[in-house]
Amino acid sequence: MGQPGSERNPELGVVIVGAGLGGLYALHRMRGIGMTARVYEAGSGIGGTWFWNRYPGARCDIESLEYSYAFDDDLQQEWKWPERYGAQPAILRYIEHVADRFDLRRDVRLNARIAEAVYDGAANLWTLRTTEGETVTARYCIMATGNLSTPRVPDFPGLERFRGRWYHSGLWPAEGVDFTGLRVGVVGTGSTGIQMIPLIAQQAQHLHVFQRTANFSLPARNRPMDPEFERAFKADYRRRREEAKDTPVGVSGFLAPTESALTVPEAERRRRYEELWQQGGTIGFLTSFNDFLVDEAANETAAEFVREKIRAIVRDPAVAELLAPKDHPIGSKRLCLDTGYYETYNRDNVTLVDVRRAPIVEITEAGIRTTEAEYPLDAIAFATGFDAMTGALREIDVRVAGGPALADVWKDGPRTYLGLSVPGFPNFFVITGPGSPGVKSQMIHAIEQHTDWIADCLVHLRAQQLSRIEAREQASEAWVAHVNAVADGTLYPRADSWYMGANIPGKPRVFMPYVGGVGRYRRTCDEVAAEGYRGFVLSR
Ligand code: N01
């Protein structure tokens, strides 16, 4: 990098925070462009989401042949996924393989949680400090801190008194938990609860599920990898990866729909929903019709289809009605994917507790007490989610020396340019950040696109003998307005979702992801670069 004037030499070209799929790829790419780089990771192992979320049933909802890195053809040809959807242990094994294969571990510091990141304008340096006091300086800082990496246990009074054991899905013990013969409570029925409930029900003496909001869930139809399917997929891998780039969510085979749910005859619409239900997976539904997430009446056709399925599966009509969501459009919260979820409520040892009607008031020594009853429990599993998208970044004291903290700058909601950078914070990048399609796309696809864009940007700076890049305030304002306008044209803001920050008391209600589609987003990012990084100030 150019080093004019009074700049000191940093220890590193790039410091990366987080050793999940994002941080590891960033390390690989930064090395590839000749930068010195190091990753700081809070956990005792690599893998990010797939390191922490070891709860029973943890599994990706994107097919494994898609949910994998595309950057190396030998890797994608040689790696063998055991199942249609990767389970947590399989995905973690894959990440470890990638780390070894590309010799990444030597530049990853484990057990190193970053507490502070401060930019010194005079020196043009970022200095990061771990909670243990270790510091590192770098020219550029890349945050690969993840979107669902700040687990949240609700503030129930009395948890410290509970005599049993309790767990959060996102901090699950590596050795696993044996629930055999125990009275177990699961709090939360989002994607996580829906995955763990069927498996915990098989072990527990009795399982109480504490549901505040019912969620739509579709069958995964997971199965061992079919060798013929795998062979054909791999033969076509390159084309598929290319195709994914111009789709709504970055998954090949699911192109932008062109037809309205309201113009096809009802019988045909039902036939398609039934076919998608039998195929398994969520993306088929999400891309079934072009008004699925835009028009209430169109959305309702799919919502009612799924409610009918729930009523057909769950034998007790009162339980089925409680499980059938009626307060948000289908897909406006993350669509869940399950294996035997609704069927689990037909078991004699499973009870659904409606904590919307009778909320949890406290945790007692013996269990959970709602406004109606006390439920004696030996163990509680909290599947209560995360301070999503901004939580991990807000936990780090990120600031320009003497200036306000990023958490304060974002107190009314995150403000980024392209989801990749933040005005006022030079040489600072975020991978899959708020304002990008990250969480609304195949995450590894988003990770690679963001990281490649950042790498190209740093190469450009070097070629121009520049060493400082910062988003313009106006460009960010326009981008945030665009992100909001696109969201406002959809049904997404109608749900109390973590996309909206609605799951965290006091968090501003702002729709954070970009839902304009990965194709459109990619084109915008490419245009910005082609126009000499439009909307950024580049300098020495
Ligand atoms: O978290 P969530 P999650 N009292 O926030 C309930 C990804 N993921 O860990 O809706 C009672 O979705 C809360 O109720 P409510 C995926 O992107 C992917 O399940 O706020 N209940 C809700 O039911 C997903 O969206 C996969 O009324 C309380 C639940 O806890 C994201 O991670 C698998 C409560 C939290 O649901 C997060 O999913 C797993 C309270 N005080 C996760 N507070 C796959 O790829 C919260 N709840 C398949």
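Quick caveat: nothing in here was measured; it's all calculated off a predicted structure.

Visitor: What's the story with the pattern of salt bridges in this structure? I'm lost.
Guide: Pairing is possible between side chains that carry opposite charge, provided their charged atoms lie close to one another. Summed over the entire model, instances satisfying the criterion amount to 46 salt bridges. Taking the shortest distance from any N to any O, the salt bridge between Arg240 and Glu66 comes out at 3.9 Å. Of the two residues, Arg240 is situated in helix α7 (residues 237-244) and Glu66 in the loop between β3 (59-63) and α3 (73-78); the sequence distance between them amounts to 174 residues. Across the pair Asp73 and Arg238 runs a salt bridge whose closest N-O atoms are separated by 3.1 Å.

Visitor: I would appreciate a short explanation of the layout of surface pockets in the present structure.
Guide: Empty pockets left among the atoms are what a rolling probe the size of a water molecule brings to light. Considered as a void within the structure, the second largest pocket measures approximately 470 Å³ in volume. Lining the second largest pocket are 26 residues, and of these Ala70, Lys245, Glu448, Asp452 and Arg522 sit closest to its centre. Of all the secondary structure elements, the ones that give two or more residues to the lining of the second largest pocket are α1 (21-32), α3, α7, α15 (443-463) and α17 (518-530). It is α15 that contributes the most residues to the lining of the second largest pocket, six residues altogether. Considered class by class, the residues forming the lining of the second largest pocket number seven nonpolar, six polar and 13 charged. Two domains each donate at least three residues to the lining of the second largest pocket, and these are domain 1 (12-150 + 387-539) and domain 2 (173-351).

Visitor: Help me understand the sheet that holds strand β17 (residues 374-376), please; the structure alone is not making it clear to me.
Guide: Across the sheet, three strands lie side by side as β15-β16-β17; this open sheet has antiparallel pairing. At either end of the open sheet lies a strand with only one pairing partner, and these are β15 (360-363) and β17. Shown here is a sheet whose adjacent strand axes are inclined to one another by a mean of 20°, direction ignored.

Visitor: Hey, could you run me through the packing of aromatic side chains in this one?
Guide: In this description, a pair of aromatic rings is defined by centroid distance and the angle of the planes. Following the criterion strictly, the structure yields 39 aromatic pairs and no others. Seen from their ring centres, Trp79 and Trp81 are 6.0 Å apart, and the 70° between their planes marks the pair as edge-to-face. Residue Trp79 is classed as buried on the basis of its relative accessible area of 17%. A ring pair is formed by Phe210 and Tyr375, whose centres lie 5.4 Å apart and whose planes are at 85°; its orientation type is edge-to-face. Of the two residues, Phe210 is situated in strand β11 (residues 206-211) and Tyr375 in strand β17; the sequence distance between them amounts to 165 residues. Neither Phe210 nor Tyr375 differs from the other in exposure class; each is buried.

Visitor: Just checking my understanding: could you explain empty space enclosed by the protein for this structure?
Guide: Within the structure shown, the criterion is met by four cavities of 30 Å³ or more. Lining the largest cavity are Pro414, Thr416, Pro434, Gly435, Val480, Val483, Asn484, Val510, Phe511 and Met512. Grouping the constituent residues of the lining of the largest cavity by class yields seven nonpolar, three polar and no charged. Lining the second largest cavity are Thr145, Gly146, Asn147, Met389, Leu393, Val430, Ile431, Thr432, Gly433 and Pro434. Residues that form the lining of the second largest cavity fall into these classes: five nonpolar, five polar and no charged.

Visitor: What is the right way to read the packing of α1 against α15 from this model?
Guide: Between α1 and α15, the least distance of the axes is 9 Å, while the angle of their chain directions is 30°. Two packed elements cross with a definite hand, and for α1 against α15 that hand is right-handed. Listed contacts from α15 to Leu21, Gly22, Tyr25, Ala26, Arg29 and Met30 of α1 are Ile444, Ile447, Glu448, Thr451, Asp452, Ile454, Ala455, Asp456 and Leu458. Here the residues of the contact of α1 with α15 sort into nine nonpolar, two polar and four charged.

Visitor: For this particular structure, what's the right way to read the nonpolar core?
Guide: The nonpolar side chains of soluble globular proteins are, as a tendency, buried together. Counting 130 residues, the largest nonpolar core has Met30 and Trp453 as the members making the most contacts within it. If one sorts the elements of this core by residue count, α15 sits on top with eight residues. Shared between two domains, this core holds at least three residues of each, these being domain 1 (12-150 + 387-539) and domain 2 (173-351). Among residues more than four places away in sequence, those in contact with Met30 are Val14, Ile16, Met35, Ala37, Ile142, Thr451, Ile454, Ala455 and Leu458. Within the second largest apolar cluster, 23 residues are counted, among which are Trp126, Leu128, Val398 and Phe428.

Visitor: Teacher, can you tell me more about the pairing of strand β16 (residues 367-370) here?
Guide: The side chains of a regular strand alternate between both faces of the sheet. Sheet analysis places β15 next to β16, joined by three bridges and oriented antiparallel. When the bridges of β16 are listed, Glu362 appears paired with Arg369. Hairpin connection between β15 and β16: a loop of three residues separates the two successive antiparallel strands. Turn length for the β16-β17 hairpin, with the two strands adjacent in sequence and antiparallel, is three residues.

Visitor: It is not clear to me how the confidence of the model for the chain should be interpreted in this structure. Could you clarify?
Guide: Regions with low pLDDT should not have their predicted coordinates read in detail. Overall, the prediction assigns the chain a mean pLDDT of 97, with 99% of residues at 70 or greater. Counting interchain partners and residues more than four positions distant, the pLDDT-below-50 stretch residues 1-6 has 14 contacts.

Rules behind the numbers
- Residues numbered from 1 in each chain as written.
- Predicted model: local features only at pLDDT ≥ 70, side-chain atom pairs only at ≥ 80, totals over all residues.
- Heavy atoms only, no water.
- Salt bridge = Lys/Arg side-chain N within 4 Å of Asp/Glu carboxyl O.
- Helix = DSSP H or I, 4+ residues; strand = E, 2+ residues; numbered from the N terminus.
- 1 Å grid on protein atoms, 1.4 Å probe; cavity = no way out; pocket = protein on both sides within 12 Å on 5 of 7 lines; lining within 4 Å.
- Points joined across faces, edges and corners; volume = space filled by probe spheres on them.
- Nonpolar A, V, L, I, M, F, W, Y, C, P; charged D, E, K, R; others polar.
- Domains from an automatic or database assignment.
- Pairing = 2+ DSSP bridges.
- Axes fitted to C-alpha atoms, helices over the stretch in contact; angles between N-to-C directions.
- Phe/Tyr/Trp six-rings, centres within 6.5 Å; stacked < 30°, edge-to-face > 60°.
- Buried < 20%, exposed > 50% of the residue type's maximum accessible area, 1.4 Å probe, protein only.
- Left-handed = near helix turned anticlockwise from the far one by under 90°.
- Contact = heavy atoms within 4.5 Å.
- Core = buried A, V, L, I, M, F, W, Y, C linked by side-chain atoms within 4.5 Å.
- pLDDT = per-residue confidence, 0-100.

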